[in-house]
Amino acid sequence: MNRICQSLRHPRYRILATTAPESLARFLAADAATGTAVDKATMDKLVRTNKVVVFMKGNPQAPRCGFSNAVVQIMRMHGVQYDAHDVLQNESLRQGVKDYTDWPTIPQVFIDGEFVGGCDILLQMHQSGDLIEELKKVGIVSELLKAEEAKQQDDKAK
């Protein structure tokens with residue numbers, strides 16, 4: 001088990017993800033029956049339901065692919081509350097998000113309505129510190145940044 005996974009087993013990292021509102025979930029379930037991709041207007045609304053939105057395989061409590069799991073772990077490390085949409089529950093949503101971003105893979109991450117990328121890009125942003133800066137721009141203070149600042153405060157006090 002790598003060090004990131006080990007740190008996530010700590011109880012302070014709890015599940016902070018939210019799910020889509022009931023009415024939106026019903027709409028998407030009804031749309032799935034048509035077999036057509038979710039349209040651009042609906043996607044525009046979905047990516048703006050929260051400051052951070054993730055389209056993934058599975059849900060934050062039970063990701064169904066390694067890449068979606070990695071995104072969930074990164075979000076947990078930063079303490080980010082986000083909306084998660086399970087594309088495996090709705091084929092039209094799965095195709096709709098791919099058409100919307102012109103990006104062929106899942107998961108897909110949006111910050112402030114803007115497409116950030118998938119797992120690889122989010123991981124690079126996390127490793128470089130760019131994710132902390134992007135989250136700051138939308139008013140989210142990373143738990144990793146808070147922990148580092150607290151550590152520095154403790155070091156000064158000693």
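Small disclaimer: the values here were computed from a predicted structure and weren't measured.

Attention now goes to the confidence of the model for the chain. The predicted coordinates ought not to be read in detail in places where the model reports low pLDDT. Averaged over all residues, the pLDDT of the chain is 81; the fraction at 70 or higher stands at 78%. For residues 1-31, every residue scores under 50 in pLDDT, and the model assigns this stretch 44 contacts once sequence neighbours within four places are set aside.

For the rest of this paragraph, the subject is the sheet that holds strand β4 (residues 83-86). Read across the sheet, four strands follow the order β4-β1-β5-β6 without closing on themselves; strand pairing throughout is mixed. Only two strands of the sheet have a single neighbouring strand rather than two, namely β4 and β6 (114-117). Strand-to-strand twist of the sheet, defined as the mean angle between neighbouring strand axes without regard to direction, takes the value 25 degrees. Against the sheet, helix α4 (residues 66-78) engages β1 (52-56) and β5 (108-111), with an angle of about 160 degrees to β1. Across the sheet, helix α5 (residues 91-101) touches β1, β4, β5 and β6, and the angle it forms with β5 is around 60 degrees.

Time to look at a negative patch on the surface. A cluster of acidic side chains, namely Glu148, Glu149, Asp154 and Asp155, defines a negative patch on the protein surface. On the secondary structure map, Glu149 appears in helix α8 (residues 143-157). Taking relative accessible area as the criterion, Glu149 reaches 42% and is therefore assigned partly exposed.

This next bit is on the pattern of salt bridges. As enumerated under the stated definition, the model contains four salt bridges in all. Between Asp44 and Lys40 there is a salt bridge, and its shortest N-O distance comes to 3.2 Å. Of this pair, Asp44 and Lys40 both sit in helix α3 (residues 40-46), separated by four residues, roughly a single helical turn. You can call Asp44 partly exposed: its relative accessible area is 27%. According to the relative accessible area criterion, Lys40 is exposed, its value standing at 55%. The shortest N-O distance in the salt bridge between Glu143 and Lys146 comes to 3.3 Å. One end of the pair is Glu143 and the other is Lys146, both in helix α8 and three residues apart, which spans about a single turn. Residue classification places Glu143 among the partly exposed residues on the basis of a relative accessible area of 36%.

Conventions and cut-offs
Residues numbered from 1 in each chain as written. Predicted model: local features only at pLDDT ≥ 70, side-chain atom pairs only at ≥ 80, totals over all residues. Heavy atoms only, no water. pLDDT = per-residue confidence, 0-100. Contact = heavy atoms within 4.5 Å. Pairing = 2+ DSSP bridges. Helix = DSSP H or I, 4+ residues; strand = E, 2+ residues; numbered from the N terminus. Axes fitted to C-alpha atoms, helices over the stretch in contact; angles between N-to-C directions. Patch = residues over 30% accessible without salt bridge, like charges linked within 9 Å, V, L, I, M, F, W, Y side chains within 5 Å. Areas by Shrake-Rupley, 256 points an atom, 1.4 Å probe, with all protein chains shown as cover. Salt bridge = Lys/Arg side-chain N within 4 Å of Asp/Glu carboxyl O. Lys, Arg positive; Asp, Glu negative; His and termini not counted. Charge placed at Lys NZ, Arg CZ, Asp CG, Glu CD. Buried < 20%, exposed > 50% of the residue type's maximum accessible area, 1.4 Å probe, protein only.

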